[in-house]
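So you can see what is in the structure, the chains are spelled out below.
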Amino acid sequence: MELKTKVLVAVYLLTGFVALLMTWVHVPAYLGNGFADANIQFWKDALFNANPAGKFLTIDVLFLAFACNVWMFIEARRIGVKYVYVYLIAGIVIAISVAFPLFMAARELRVAATDKGFTGYKIKVVDVITLLALFLISLFAAFAIL
C-alpha cells in the first residue's frame, strides 16, 4: 500500500485541527485573567496543582515538545521549510499538538515539491489499522475528559 502526500497532509491537518478543538475547549477557564496571568495559572495547575498522573503527562509532553522542536529546526533547515519559528511559537502559545502536525504537513508539501521522483510512502494495512486505533483512542480520551 502506498500513502500519497495529499492523504498524509490531510491526516496531519486533521490531527492539528482536532487537537486544536480538544485542547482549546479548556482555555476559557483561564481567559478571564489576561494573557500573562492566564499562562501563570495554567502552568501552576499543570505542574503543581495536578495529581501525579497529570504532572507525569505534563512533563512527558514538555520533553516531547522539546524533541519535536529540535527536529523541526534541523529538518526545516535541511529541506527548506520556511517560517520554522512560527511553528515553535505556535507550539508554545497554541499547543504543540497543533503546531507539530502543521509543520509535518508543510514538510510533506516541501518534500513533494522538491523531490520529483517521490511518489509516496510504503505502508502496510496493519500500520494503517494501528494508527487509526491510536487516533480513536486519543479522540475517545479527549472526549472522556471534556
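Here goes a summary of the coordinates provided. The structure displayed is predicted, hence computed values, not measured ones.

### Remarks on the overall build of the protein
The secondary structure content of the protein amounts to six helices and two strands. The principal-axis extents of the C-alpha atoms in the protein amount to approximately 50 × 35 × 25 Å. Burial status across the protein gives 28% buried among its 146 residues. In the form shown here, the protein has an accessible surface area of approximately 10000 Å², with 75% of it arising from carbon and sulfur atoms. Side chains of the protein carry 12 positive and 8 negative charges; the gap between the two charge centres is 8 Å.

### Let's talk about the packing of aromatic side chains
One pass over the structure, following the stated rule, counts seven aromatic pairs. When the ring of tryptophan 71 is compared with that of phenylalanine 103, the centres are 5.8 Å apart and the planes differ by 85°; the resulting orientation is edge-to-face. Residue tryptophan 71 is located in helix α4 (residues 52-79), and its partner phenylalanine 103 is located in helix α5 (residues 84-114); the two are separated by 32 residues in the primary sequence. Its relative accessible area of 0% is what places phenylalanine 103 among the buried residues. Feature note: the residues Trp71, Tyr87, Phe100 and Phe103 constitute an aromatic cluster, connected by ring pairs.

### What about the nonpolar core?
In terms of nonpolar packing, the biggest core is built from 17 residues, with Tyr12, Met72, Ala76, Val81, Val84, Tyr87 and Phe103 touching the most fellow members. Looking at this core, the elements that each hand over two or more residues are α1 (5-24), α4 and α5.

### Examining the packing of α4 against α5
In contact at an axis separation of 10 Å, α4 and α5 are set at 40° when each is read in the N-to-C sense. Taken together, the axis directions place α4 and α5 in an arrangement best described as oblique. For the pair α4 and α5, the sense of crossing is left-handed. Contacts from Val61, Ala65, Cys68, Asn69, Trp71, Met72, Phe73, Glu75, Ala76, Arg77, Arg78 and Ile79 in α4 reach Val84, Tyr85, Tyr87, Leu88, Ile96, Phe100, Phe103, Met104, Arg107, Arg110 and Val111 in α5.

### Focus on the environment of lysine 6
Looking at where lysine 6 falls in the secondary structure, it is placed in helix α1. Between the alpha carbons of lysine 6 and isoleucine 59 there is a distance of 33 Å; along the sequence they are 53 residues apart.

Calculation criteria
- Residues numbered from 1 in each chain as written.
- Predicted model: local features only at pLDDT ≥ 70, side-chain atom pairs only at ≥ 80, totals over all residues.
- Heavy atoms only, no water.
- Helix = DSSP H or I, 4+ residues; strand = E, 2+ residues; numbered from the N terminus.
- Buried < 20%, exposed > 50% of the residue type's maximum accessible area, 1.4 Å probe, protein only.
- Areas by Shrake-Rupley, 256 points an atom, 1.4 Å probe, with all protein chains shown as cover.
- Lys, Arg positive; Asp, Glu negative; His and termini not counted.
- Charge placed at Lys NZ, Arg CZ, Asp CG, Glu CD.
- Phe/Tyr/Trp six-rings, centres within 6.5 Å; stacked < 30°, edge-to-face > 60°.
- Core = buried A, V, L, I, M, F, W, Y, C linked by side-chain atoms within 4.5 Å.
- Axes fitted to C-alpha atoms, helices over the stretch in contact; angles between N-to-C directions.
- Parallel < 35°, antiparallel > 145°, perpendicular 65-115°, else oblique.
- Left-handed = near helix turned anticlockwise from the far one by under 90°.
- Contact = heavy atoms within 4.5 Å.

Read these as spatial facts, not as claims about activity.
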